[in-house]
There are 2 protein chains.
Amino acid sequence: MSLVQTELVAVLVVFNGDTPRVLTLEDGRSLPNGPLRTDDRSLQASLRAAVERQTGVAVGHLEQLYTFADHLPADGEPRRVAISYLALTRVGAERPAEHANPFDEAGSPAAWRDWYDYFPWEDQACPRAAPAVGALLQRLDDWITRQSPERWEELRQRRDQVFGLNGESWNDELVLQRYELLYEAGLVPEAQMADIGGDACVTGLAMRHDHRRILATAIARLRAKIRYRPVIYELMPDQFTLFALQQAVERVAGRHVHKQNFRRQVAHQGLIEETGDESREAGGRPARLYRFRRSVVMERVVAGSKLPIVRAR
Amino acid sequence: MSLVQTELVAVLVVFNGDTPRVLTLEDGRSLPNGPLRTDDRSLQASLRAAVERQTGVAVGHLEQLYTFADHLPADGEPRRVAISYLALTRVGAERPAEHANPFDEAGSPAAWRDWYDYFPWEDQACPRAAPAVGALLQRLDDWITRQSPERWEELRQRRDQVFGLNGESWNDELVLQRYELLYEAGLVPEAQMADIGGDACVTGLAMRHDHRRILATAIARLRAKIRYRPVIYELMPDQFTLFALQQAVERVAGRHVHKQNFRRQVAHQGLIEETGDESREAGGRPARLYRFRRSVVMERVVAGSKLPIVRAR
DNA sequence: CCGATTAATACTCATATTGAGTATTAATCT
DNA sequence: AGATTAATACTCAATATGAGTATTAATCGG
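Residues numbered from 1 in each chain as written. Chains lettered and ligands numbered in written order. Predicted model: local features only at pLDDT ≥ 70, side-chain atom pairs only at ≥ 80, totals over all residues. Heavy atoms only, no water.

Looking at the sheet that holds strand β9 (residues 287–292) of chain B
In any sheet, the strands associate via hydrogen bonds between backbone groups, in a parallel or an antiparallel arrangement.
Residue and element names in this part refer to chain B.
Phase 1: The antiparallel open sheet is built from 3 strands, whose spatial order is β7-β9-β8. Edge positions in the open sheet fall to β7 (240–241) and β8 (272–279), since each of these has one partner strand only.
Phase 2: Bridging between β8 and β9 involves 5 bridges; their strand directions are antiparallel. Bridge assignment links Glu-273 to a residue of β9, and that residue is Arg-291. (Pairing = 2+ DSSP bridges. Helix = DSSP H or I, 4+ residues; strand = E, 2+ residues; numbered from the N terminus.)

Considerations on the packing of helix α4 (residues 175–184) of chain A against helix α6 (residues 211–225) of chain A
Residue and element names in this part refer to chain A.
Phase 1: Two elements in contact, α4 and α6, have axes separated by 7 Å at closest approach and are oriented at 150°. Classified by the angle their axes make, α4 and α6 are roughly antiparallel. Across the interface between the two elements, Val-175, Leu-176, Arg-178, Tyr-179, Glu-180 and Tyr-183 of α4 pack against Arg-212, Arg-213, Ala-216, Thr-217, Ile-219, Ala-220 and Arg-223 of α6.
Phase 2: Tallied by class, residues from the contact of α4 with α6 come to 7 nonpolar, 1 polar and 5 charged. (Axes fitted to C-alpha atoms, helices over the stretch in contact; angles between N-to-C directions. Parallel < 35°, antiparallel > 145°, perpendicular 65-115°, else oblique. Contact = heavy atoms within 4.5 Å. Nonpolar A, V, L, I, M, F, W, Y, C, P; charged D, E, K, R; others polar.)

Overview of unusual backbone geometry
Excluding glycine, most residues fall at negative phi; most peptide bonds, likewise, are trans.
Phase 1: Unlike most non-glycine residues, His-209 of chain A shows phi in positive territory, near 50°.
Phase 2: Along the chain, the position of His-209 of chain A falls in the loop between α5 (200–203) and α6.
Phase 3: With phi around 55°, Asp-27 of chain B is a residue other than glycine that occupies positive phi space.
Phase 4: Along the chain, the position of Asp-27 of chain B falls in the loop between β2 (20–24) and β3 (33–35).

Here we look at the side chain of Glu-122 of chain A
Residue and element names in this part refer to chain A.
Phase 1: With respect to the helices, strands and loops of the structure, Glu-122 is situated in the loop between β6 (111–114) and α2 (130–146).
Phase 2: Residue classification places Glu-122 among the buried residues on the basis of a relative accessible area of 0%.
Phase 3: For Glu-122, the side chain forms a polar contact with the side chain of Trp-121, separated by 3.2 Å.
Phase 4: With sequence-adjacent residues up to four places away left out, Glu-122 is seen in contact with Tyr-116, Trp-170, Asp-172, Val-175, Arg-178, Arg-223 and Gly-254. (Buried < 20%, exposed > 50% of the residue type's maximum accessible area, 1.4 Å probe, protein only. Polar contact = N/O pair within 3.5 Å; in protein donor to acceptor, adjacent residues only side chain to side chain.)

Describing the pattern of salt bridges
Phase 1: Applying the stated criterion across every chain yields a total of 42 salt bridges over all chains.
Phase 2: With a shortest N-O distance of 3.7 Å, Glu-154 of chain A and Arg-151 of chain A are connected by a salt bridge. Of this pair, Glu-154 of chain A and Arg-151 of chain A are both found in helix α3 (residues 149–163), 3 residues apart, which corresponds to roughly one turn of the helix.
Phase 3: Given the relative accessible area of 38%, Glu-154 of chain A is considered partly exposed.
Phase 4: For Glu-273 of chain B, the salt bridge is made with Arg-293 of chain B, and the minimal N-O distance between the two is 3.6 Å. One end of the pair, Glu-273 of chain B, is in strand β8; the other, Arg-293 of chain B, is in the loop between β9 and α9 (294–299), with 20 residues separating them in the sequence.
Phase 5: One salt-bridge network, held together by shared partners, links Arg-151, Glu-154, Arg-158 and Glu-184 of chain A. (Salt bridge = Lys/Arg side-chain N within 4 Å of Asp/Glu carboxyl O.)

Structure, rendered in structure tokens:
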């Protein structure tokens, strides 16, 4: 049995109607993190308590993501292990973001940031992101060409798969695979923290340690999960319109959804019910308001709740 | 940052044509486990190397399962954290099971054991297990009746959901939920290790620490995964018949599969190809032999590969 | 050599799900 | 009044799924 330094890292996600955001520290360069204390009851319970106490947001859904071990540390220093969690929270009730680090009351200023700031290429639904993606793919291409020719085929195939090129279709769940290919190509500036900025709109904002990798894991997990578990509702306010629900799915998945089919599926899952009220915020025909039927989910422990994400054309 | 004792725990699964088996130590009472050493490169890589060096089996598929923290230890002692992995291996090339602990060359005798020895109620396809399941449900019922009446409704509902009673259908993926309900009811003798034996055919064999919980997590993960990733092939030998493949799925899932539909789906996934040979081991019409097309899987990183598991009637 | 056994294989059929589309209606905003 | 915003109502074809029946091809035990 060996002693290692163990820390918890949390990816706290909120959706404010506009874009999914994550709680960050250090001017957006790290995720909330803190030590695993020996007096904590269970990992899950203590993390939930810490988050709720410190940030004031109720954690709707909390799940373990992955346990990362860092690469070999300098000798003499203990090994570092990070146990990461994904937490979904509802917008509205949270404290101002400052000092919202769940692990450290006197921590550095915290802020909720658009997760696409870190992964601009993941926002496939956003046409204005397209040029940046083009630039990134160009650089990836350049890098491949600089490798030894016998690797070209394999690397190009991998590029096509993960970025949905040349006949392959875009798979929104491959967030981590895309990040790792770019990392291999030296296109995400984690290693050389010096040149942050510059073209962050192409390569995304960098983070300390392996926090951007953890964030990629979180996004991938959430995108996969909304297809078969009703977790998207954990990001919605008490009452919401179907259009708002659709936008949440679209912004999380980074792609468009077929409206009529989306409604059809949501309707026949029977997981939501009308409140009777209407919303006339958008300035069109008023939209009916719905609420999530929490009781039904209790009944069906594992209700398949796939969401109809539009295929690539 | 705090120092905790950190260990690795591996659930090594093999399918010998008869039943899924897991590698166990200490006369079946624990899973292979060992310290996280500071000289290991990455968790995944070092675990793979350790398993292959020690047991002689090639690990086909390795994935992290979950990181468990034990309950509060006696004061003064450091906290224990276990990072658990699921490893799928092919039968045939492994060394005799003795001393097959991947973490400890001089470890206790090891053995491959039927995983249903630990979870008899999970084998729904086996008619001779039915009486034991009946007995177990009877005891669960007795326990519920001994609780305070205002909990009856909730507990009975939970029982019906996880065991597929009273209109609910059996969900083979709820392995952990079933174990935890039985644990709560005091029906799995982890806590009182004294009375092992007795009715192990009803409550299953016990394990030390939380190893049976880890095993439950592994079974649940594998059952879920064979529905959408072609991991079942990691348990098959190089060549196999469609019937053998079906049996592997059935034994892992613990339930029957509709033969014609199974073949239809497997065929149109295009993940296997005929070898040209036939097997006449079973003594009937000879069955064609197939092999897994590894190259295709490389191409389709995420090929949906659902398997048609028969609905409960 | 015959019939039981074992399994592969070939079809059918109804129902459900999915992806994509058109058309219409109901409100607000300028 | 007409543009805008969104909800709603349908249609249609293509697949996927669950459950069957019927037939064929081999081995094995006597």
